[in-house]
Amino acid sequence: MDDFSNNDRDVFLIKTDMIDRGALMSRYSRTANLDIREVYGKEFKNNPDRASNFYKRIFLDYGDESVAELTTAQMGIQNVSNIVTKVIEEPRIGLSYLEKSSRYVKYNKKVNGNYLFLRGENAGVGAMESRYNSYCNDLFDFYSAAYPEMMKYMEDANPIENFTFEIGGKNYKYTNLESVDENTLSKSYKSSLRSAVLDEIRALLPASTLTNIGISGNGRAFISLIERLKAYGTPEAEKYGELIYRELEPELPELIEDAVSAHGIAQIKYNNARDSIGNSFSNDTANVPALKVINFMDEKRAIDLATGMLLYGSSAGSSNVDIPPEKQYSILKELESLRGNRRHKLGRAFEGITYSFEVNMNYGAFREFQRHRFFSIIRKPLSTQYGYDIPENLGKIPELRSRYVELMDEARILYNDIMGRSGRKIAQYVVPYAYKYPVVFSSNLNELTYFIELRSNQQVHPDLRKVALDIYSEIKKIHPHLATLIKFVDTGDYRLGRLPSEVKKESRRKTLSGEND
């Protein structure tokens, strides 16, 4: 393999071994040579220990952690619970994640005779192992039994004849689509029903549900991840911290050692101590509203700041920009008119307008909410303290609703018993996704506009869609002029929200595969 994608152009890929790549790229800050391809030939190519020695000297001896960002790795993590994946996905910088979906994948299969949840012997529940395993099996049994019943109910409640379909930019009723392939519409309709049902019954999945996650990121972020997992305080998190370290150690040996060095151990101890500060001040209450604004700035001040920053690049310094109110409103109106779709961001001028909220959503919705990296989220262990949601359509079927409520109430009893013996973090594993999970988060208007417009569209899970619309409603109350910039929010009411996208997907699939009508 060539060491570089080319040897004579000003843009090239570095294709050396990974440990060499990071060390070589770091030389950009310390060499007078115009071409690091020459540096590689002189210093690295015939010196296999050059990069290793570099990291020992620069990274370990001098603590220059930024060079660890120049090495990257892609990693697969399998059979990990939805408790530990949330710990893994907590870092906002340096790592990218892709996790198995509970919206499009059914969890009714067994592997080696077991449903896909972390068994009690691995969860750390001790003497509660038998009750824990039995309860999780009951959840999955009901999940599996509810699926066909919910499919029939949803099909009866939402017959295909009641829907319109967008074809070529125009809407047609199903009964008027004689020229459109029936198979395409039927497949799209069935896929939409399936998605709607999985959206509802995922509330039954326990936090112990196993999943797979792919991670791509740099060495520095992996070091931080290992430290975070080792500091979390559960057997499973400790196990995965060690497994990640073992896999990376042969690939990035001089780098990843920092996670288990004296420096790394000190960091783990600090993280534990910091996160335990409030333990003696617990005054949790079960009465948490769906959404509460904790902090925001006066709208006049916010508009002054945003318009001043918006003009900064083409005008005087921010301290010299004095814009009369009527001009400020016209600037906002002009920006609003310029936005042609939700990908047209407000821009960094609006990142100075910050908000803090407490939002009380169910754990299923939180799993998607956490994916928004620009949200600074503060959370506590999952519990049964705040009650649970009953899925809208499942709740309309008496026998399913009755069994669902029984299982949710059983979760509360089992959670309390495990918590009393093993603590809050271990007890989390038995909590179903349906249970409420209040978190505090801070963000800015630029990011919140993106979140609201993305997560209010009809394809989004109804629980997360409600969160987005609630946040939008609060911003309209406190900042009515700025809220007009949130132009592509979708407040419509939908029965099978994924149906339009399923039609488009199926039509594209047929076109690409060359199938005939």
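Up top you'll find the structure we're talking about.
Okay, so let's go over this structure. (Residues numbered from 1 in each chain as written. Predicted model: local features only at pLDDT ≥ 70, side-chain atom pairs only at ≥ 80, totals over all residues. Heavy atoms only, no water.)

Our next topic: the overall build of the protein chain. When helices and strands are tallied, the protein chain shows 20 helices and 11 strands. Across the 517 residues in the protein chain, those meeting the buried criterion constitute 48%. For the protein chain, contacts bridging at least 24 residues in sequence account for 76% of all contacts bridging at least 6. A total of about 25700 Å² of accessible surface is found on the protein chain, and carbon and sulfur atoms cover 48% of it. (Helix = DSSP H or I, 4+ residues; strand = E, 2+ residues; numbered from the N terminus. Buried < 20%, exposed > 50% of the residue type's maximum accessible area, 1.4 Å probe, protein only. Contact = heavy atoms within 4.5 Å. Areas by Shrake-Rupley, 256 points an atom, 1.4 Å probe, with all protein chains shown as cover.)

The 4 strands lie next to each other as β8-β9-β11-β10, forming an open sheet whose pairing is antiparallel. Two strands bound the open sheet, and with one partner strand each, they are β8 (291-296) and β10 (376-378). On average, each strand axis in the sheet is inclined to that of its neighbour by 20°, with strand direction left out of account. The pairing of strand β9 (residues 354-362) with strand β11 (residues 436-444) spans 9 bridges and is antiparallel. Across the sheet, Phe357 pairs through a bridge with Phe441, a residue of β11. (Pairing = 2+ DSSP bridges. Axes fitted to C-alpha atoms, helices over the stretch in contact; angles between N-to-C directions.)

As a further point, take unusual backbone geometry. Despite not being glycine, Asn79 has its phi angle at roughly 55°, a positive value. Position of Asn79 among the secondary structure elements: in strand β1 (residues 72-81). Looking at Asn79, the relative accessible area reads 44%, which means it is partly exposed. Backbone geometry at Asn112 places phi at a positive 55°, although glycine is not the residue there. Topologically, Asn112 is positioned in the loop between β3 (110-111) and β4 (114-115). Given the relative accessible area of 77%, Asn112 is considered exposed.

Taken together, 3 strands build an open sheet; the order of strands is β1-β7-β2 and the sheet is antiparallel. Where the open sheet ends on each side, the last strands, each with one partner, are β1 and β2 (95-99). With direction set aside, neighbouring strand axes in the sheet form an average angle of 20°. Of the pairings in the sheet, the one linking β1 to strand β7 (residues 210-218) comprises 8 bridges and is antiparallel in character.

Here we take up the packing of helix α17 (residues 445-455) against helix α18 (residues 462-478). Between α17 and α18, the least distance of the axes is 8 Å, while the angle of their chain directions is 135°. If you check the angle between α17 and α18, you find them oblique. The element α17 and its partner α18 pack so that their crossing is left-handed. Along the contact surface, α17 presents Leu448, Phe451, Ile452 and Arg455, while α18 presents Leu464, Arg465, Val467, Ala468, Ile471, Tyr472 and Ile475. Classifying every residue of the contact of α17 with α18 by side-chain character gives 9 nonpolar, no polar and 2 charged. (Parallel < 35°, antiparallel > 145°, perpendicular 65-115°, else oblique. Left-handed = near helix turned anticlockwise from the far one by under 90°. Nonpolar A, V, L, I, M, F, W, Y, C, P; charged D, E, K, R; others polar.)

A separate point is the side chain of Ser383. Mapping Ser383 onto the fold places it in the loop between β10 and α15 (398-422). For Ser383, a relative accessible area of 8% gives the class buried. In terms of polar contacts, Ser383 uses its side chain to reach the backbone amide nitrogen of Gln385, at 3.1 Å. Among residues more than four places away in sequence, those in contact with Ser383 are Tyr415, Val431, Tyr435 and Lys436. (Polar contact = N/O pair within 3.5 Å; in protein donor to acceptor, adjacent residues only side chain to side chain.)

If you trace the backbone, Asp304 turns up in helix α12 (residues 299-312). Judged by relative accessible area, which is 32%, Asp304 ranks as partly exposed. Each C-alpha atom, one on Asp304 and one on Pro325, is 8.5 Å from the other, the two residues being 21 residues apart in sequence. For Asp304, the side chain forms a polar contact with the side chain of Gln328, separated by 2.6 Å.

Limitation: the analysis is restricted to geometry and does not speak to function.
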